[in-house]
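Topology and contacts: notes
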Amino acid sequence: MERHDAIVIGGGINGLTAAAYLARAGVDVLLVERNERLGSAAAGYDIRPDFHMPRFALGLVNMPAHTVSDLELTKFGLRLMRVDSGVSLTGDGRYHANYRDGLMHRRELARHSANDADAWTRFRRDMLRANRALREVLAHPMRDPSRRSLAVFRALLGSADKVASKPTDDLHDLLRLWSMPLADFLDSYFSSDLVKLHLAAKALAGTTLGPCSPSSARFLMNAFTNETEGASGGAPASVIAMGGPEAVANALAASIEAYGGRVRTEAEVTDVILRDGKARGVALADGAEIYANAILSDLDLKRTFLALFPWKELPKGFVERVGRFRMRGVTAKVNLALDAMPDFPALPDGCPALQGGLTFAGPMMSLERAFDDWRDHLPPRLPLIEALIPSMVDHSLAPMGQHVMSVAVHYVPEFLHDGPWTTERRDQFTDLVISEIAAHSPDFKDKILSTETLVPPDIESEVGLTAGDFEQGEMTLDQMFFNRPMPGLAGYDTPIGNFYLCSGSAHPGALEAGGAGAGAAQRVATALGRGAIHRKGSVQ
Amino acid sequence: MSLSDHHFDAIVIGAGHNGLIAASYMAKAGRRVLLLEASTRLGGALITAEVSPDYHVSTAAHLLDALPRRIEKDLKLVKHGLRYATRNLQTILLDHDLNHLRLSTKRADLDILRGHSPADAAAYPAFVARMKSYVAVLGPLLHDVLPDSAPEPLTKRLRRLVWRAERLGPETLEDLMRQLPGSIGDLLDDTFETALLKGALALDAVIGGGQGPYSPGTALSAIMRRGLRSLSNGPHVIEGGLGGFTDALSASAANFGVVIKTATEVKRIIIVGGTVQGVETQTGDVFQAPLVLSSAHPRETMLDLVGAQYLDAGLVKQLAGIVDTGATAKLNLSLDGLPTIQGLSPQEHGARFLIAPSLVALDNAYSDFKHGGFASTLSLEMTIPSVTDAPLAPSGQHVMSIIVQYVPYEVNGGWAGARDRLVDRVIETIADYAPDLRDRIVAGELMLPQDFERKFGLANGGWYHGDMRLDQLLTSRPAPALARYATPVRGLYLCGAGSHPGGGICGLPGEYAARLALSEGGRA
């Protein structure tokens, strides 16, 4: 009978991070993944022979530096490249490029508006400050105010004191950022529509809010999550992993094994084995049973509880509560192999910012319209398109002179108001996306060697994300912090003993790559009596 | 004019309900108060006027729904002529199939709801109780001046909030935590299944404002609205319309000795050495007082009457950034008889009607509105006040007052051609339930957001001096540095709807500002 201290179900970034932290703490951990490749949504593939690319994700990575160093991912082969953070192109032939270099970025902003060059300094400072405040929150285990214990109550009073002791202006700046509609927030800094549009498009990509939704402004700080304060004051860098985002997954797997843990792919868990209401092990599709003292799920909340358990074993009302957890797909993927580098005549020759990708979007209100259409399940008309050509930086991805282009399209619904996605609908959608890009690159269509389109239901069936939701649960305020995944479950525990949630459905969700995995590992290490796991940037 | 005609203990700018209430409280405390109003009439947007000769109706808002009983008593409004035509007015949700719902937990009313959905009939009383417990936690935020954001009082207040929340019990607390930052639409979807019930409750939460039913933060504003309403046990129909309320407030103010000057527009607030000295009017008159309370929009008060030179740059930016969204139109109709709303007795025609067939329709209307249009299915709040207040119209005849939700300030193609289309659409919508309405119409008056701006000076036609939106509530209303009515100018206070707890006819900004000015403002 196979037995381990802990089993992690699912080899996404959070599952791998959880397993790596546990292995490093000396826990005998086994990670099982259904697919052949690790990484879940970070996995890559050959779109055609010799053309390798991220299949589901755009291709940028945002693993926090403290996790990279805690788990020695560089030692295990991870190479990260910081590049300029991309260009935006508009329908009227204008562009806005984003440079890491402060002077270049300032000059670029001044080309649009002298005010905006100055406003950038304020904006950048405020975003860094907001991230600093957020990191303080993320450094503590999330206390659940609905758990009525003295310790939690004390901690809450402590937080109340702490909030109150912040300088009033800082507090109000944070309140504004977390409550305002993004469009109004940007208006309070910038005047150039192009600058605002670029920031809006980058921030809203992959979210379930529009630029006019209250509380959407806070997505603006995401781009600055891993920005170091000492950088030269330009646009925050984009980060590309050599080999694609799956390189992060592979380095994590190497890290797990180096610390004595094990990783098994093509092993699908069909059931969690329960005894006396507690989780004791997992049953695999091939009939094997593996036992452990702690079981962690890297699947989203719905898939975890609606698929791995007999519903009658769950507490009364719990299935309904799980059902109410909001998950909606919002992103589709169009993958392209290209015969040559596409030209973008609007851009200056050799524009270095192109390495960080391209954004194509209409005016602010058309972003809002795209958001409205998505909510109404209409076929996309003016989607928000982000494209990345990772082979510009990583020459190993495609034959010399040829390229792969990863296109993420946002505000794409899971199903259409009048029925599911059909082959014909997918083809129309692919044509729309390619035409939108070709409008900025005249010979684009001629350079396409292969395409693959994945709409949200494809993403659900390929990687098992319910509704094709990459964030494993919408990142709106009512589903964040102590509400993630729901009040009462914010500490990675679940109603089933010995069973923990370590996926993006748990706190902090998409706020930090691998954050939920690391948090769950801490919880499990304590439960197994291994004491605290030391993490950089964390406080017990 | 003698010297004393130009010297007062306090000057209040603007004679809307908040200005009148602030002035009365100051005068009641023995201060000599001057109230200045730019227009020729009192009451701001709370007026009753003729739709057509001999047909009278409240021009804008039409129900008194959030005035605390305390203010009514303190200012002796009943003695000064306030008469309730109907107290605690019933709300009826009109149904196409004539199974009209009543928002109440009475057994007979729940039986009708049971006909729509047995689950909802069971869920509704629980929902009402849940909202009540939310109000109990958040109520203290409304019932008092907000805490100073200096660490000590804020700590005390936050600690009290934690205590209160702890007492609720884990389930209510879990609910509250989840719902508070979310939208009223999600909250209702999680609770009910009847489209009609969800549509109406959502309309009730967003009416008058520029937020959609699925906008994050609308659950909080719904709870705050309930909190304010619970102070007044409303809504009430006032005899003579809301102009009758204004008359009572004015009489009360005069009785307390407030000197009221209309047609007197303030040009600037006089400041010497960072301290307020009085005001100068457009005609050059100077009135002196050590206390000035302004019920004008905070942006207008601080940027136009005070001037940016007295404020720090951050505050100027915040004031300039206050968002006002007009999203509501008003249609007033003169009728030569009572229209027949099918499925209701004639007495029930005096109720407050909500026409909001579904959350989806309301949300679609919001989308249309955002993009410069108005929906084909409109959501409305409607009253026929003449049913319980006959003198509003000639004998046997009536007036109808309709608030139309999600009408943009600017419409695609311009309002010139669209006005009639909107009127037709509203009448069509109501005629679905009252087929003889069209034949009864004698005259009508449509007030668009632009008309509210022109007539009442409401920026963009927004009703609240700053939208009641997540980022413009509580300590952010109207700006962090101004959230406690006092301003950086010593002796100058804000007392209008732009201050906490905000718009709607609650009078609390006026009352709280006056109390604060009295306690802090020295005795000149």
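All of the points below concern the structure found in this document.

Here is what the cut-offs are and how they apply
Residue positions within a chain follow its written sequence, with the count starting from 1. The order in which chains are written sets their letters, starting at A; the order in which ligands are written sets their numbers, starting at 1. Residue-level local features of this predicted model are given only where pLDDT is at least 70; pairs of side-chain atoms are given and counted only at 80 or more, and the full residue set underlies all totals for whole chains, interfaces and linings. Here a strand is any run of E in DSSP of at least two residues, a helix any run of H or I of at least four, and the numbering for each starts at the N terminus. Here the globule rule is a power law, 2.2 Å times the number of residues to the power 0.38, and the radius of gyration is based on C-alpha atoms. Between the buried cut of 20 or more and the exposed cut of 12 or fewer other C-beta atoms within 10 Å of a residue's own C-beta lies the partly exposed class, and all C-beta atoms are placed from the backbone. We call two residues in contact whenever the C-beta atoms placed from their backbones are within 7 Å. Here a strand pair is declared whenever DSSP counts at least two bridges between the two strands. Note on geometry: axes are lines fitted to C-alpha atoms, helical ones only across the stretch in contact, with angles between N-to-C directions running from 0 to 180 degrees. Put simply, a nonpolar core is buried Ala, Val, Leu, Ile, Met, Phe, Trp, Tyr and Cys residues tied into one set by C-beta atoms within 7 Å. Angles are sorted into four bins: roughly parallel if under 35 degrees, roughly antiparallel if over 145, roughly perpendicular if 65 to 115, and oblique for all others. For a crossing to be left-handed, the near helix must be turned anticlockwise from the far one by less than a right angle; the clockwise case is right-handed.

Some words on the overall build of chain B
Summing up its helical and strand segments, chain B has 17 helices and 19 strands in all. Here the C-alpha radius of gyration of chain B, 23 Å, is about what a compact globule of 524 residues would show, namely 24 Å. For chain B, the spread of C-alpha atoms along the three principal axes comes to 70 × 60 × 50 Å. For chain B, the proportion of its 524 residues judged to be buried stands at 55%. Once local pairs closer than 6 in sequence are excluded, the contacts in chain B between residues at least 24 apart make up 74%.

Notes on the overall build of chain A
Tallying secondary structure elements over chain A gives 15 helices and 18 strands in all. Once the C-alpha set of chain A is aligned to its principal axes, its extents read approximately 65 × 55 × 50 Å. Taking all 540 residues of chain A together, the buried fraction comes to 56%. Looking at chain A alone, contacts between residues at least 24 apart form 74% of all its contacts between residues at least 6 apart.

Observations regarding the sheet that holds strand S1 (residues 10–13) of chain B
Residue and element names in this part refer to chain B. In space, the five strands of this open sheet follow the order S9-S2-S1-S13-S19, with parallel pairing throughout. With one partner strand each, in any of the chains shown, strand S9 (259–261) and strand S19 (492–494) form the two edges of the open sheet. Across the sheet, the axes of successive neighbouring strands diverge by a mean angle of 20°, strand direction being ignored. Note that strand S13 (residues 291–294) and S19 share three bridges and pair parallel. Within S19, the position partnered with valine 292 by the bridge is leucine 492.

Structural notes on unusual backbone geometry
In the segment running from arginine 484 of chain A into proline 485 of chain A, the intervening peptide bond is cis, with an omega of -5°. With respect to the helices and strands, proline 485 of chain A occurs in the loop between helix H14 (456–463) and strand S18 (499–501). Even without being a glycine, aspartate 54 of chain B presents a positive backbone phi close to 75°. Given 13 C-beta atoms within a 10 Å radius, aspartate 54 of chain B is considered partly exposed. Even without being a glycine, leucine 98 of chain B presents a positive backbone phi close to 70°. Along the chain, leucine 98 of chain B turns up in the loop between strand S6 (91–93) and strand S7 (101–102).

A closer look at the nonpolar core
One finds Ile11 and Leu293 of chain B to be the most contacted residues of the largest nonpolar core, which totals 165 residues. It is helix H8 (residues 195–206) of chain B that provides the largest number of residues to this core, a total of eight residues. Leu16, Trp120, Leu204 and Ala520 of chain A belong to the second-largest nonpolar core, a separate cluster that totals 152 residues.

Focus: the packing of helix H11 (residues 298–307) of chain B against helix H12 (residues 313–320) of chain B
Residue and element names in this part refer to chain B. One can describe the packing of H11 onto H12 by two numbers: an axis separation of 9 Å at closest approach and a directional angle of 135°. When the axes of H11 and H12 are compared, the pair comes out oblique. Along this stretch, H11 crosses H12, giving a crossing that reads as left-handed. Of the residues in H12, those in contact with Pro298, Arg299, Met302 and Leu303 of H11 are Val316, Leu319 and Ala320.

Looking at the environment of glutamine 90 of chain B
Residues and elements named next belong to chain B. Relative to the helices and strands, glutamine 90 is located in the loop between strand S5 (84–86) and S6. A count of 16 C-beta atoms within 10 Å places glutamine 90 in the partly exposed class. Taking the C-alpha atoms as reference points, glutamine 90 and glutamate 348, separated by 258 residues in sequence, lie 8.6 Å from one another. Residues in contact with glutamine 90, not counting those within four places in the same chain, are Arg102, Ala351 and Arg352.

What about the sheet that holds strand S16 (residues 403–410) of chain A?
All names here are of chain A. On the basis of which strands lie adjacent, the open sheet formed by seven strands has the order S7-S6-S14-S15-S16-S13-S17 and mixed pairing. The sheet is open, and its two edges are formed by strand S7 (95–97) and strand S17 (448–454), each paired on a single side. On average, each strand axis in the sheet is tilted by 15° relative to the strand beside it, whichever way the strands run. Taken together, the three bridges between strand S6 (residues 87–89) and S7 define a ladder with antiparallel strand orientation. The partner of serine 88 across the bridge, within S7, is histidine 96.

Some points on the pairing of strand S4 (residues 51–54) of chain A
All names here are of chain A. Every second residue of S4 is oriented toward a common face, with Phe51 and Met53 on one face and His52 and Pro54 on the other, all of them buried. Pairing analysis gives four bridges linking strand S3 (residues 44–48) to S4, with the strands arranged antiparallel. Bridging across to S4, tyrosine 45 finds its partner in methionine 53. Two successive antiparallel strands, S3 and S4, enclose a turn made up of two residues, where aspartate 50 displays a positive phi of approximately 75°.

Some remarks on the pairing of strand S13 (residues 331–338) of chain A
Residues and elements named next belong to chain A. Across the eight residues that make up S13, a large majority, eight, are buried. Residues of S13 alternate between two faces, with Thr331, Lys333, Asn335 and Ala337 on one and Ala332, Val334, Leu336 and Leu338 on the opposite face, all of them buried. In the sheet, S13 pairs with S16 via eight bridges, with the strands oriented antiparallel. By the bridge assignment, lysine 333 is partnered in S16 with alanine 408. Strand direction decides the pairing type here: S13 and S17, joined by six bridges, are antiparallel.

Focus on the environment of glycine 273 of chain B
Here glycine 273 of chain B is to be found in the loop between strand S10 (266–272) and strand S11 (275–281). Through-space distance from the C-alpha of glycine 273 of chain B to that of leucine 173 of chain B is 49 Å; in sequence the pair is 100 residues apart.

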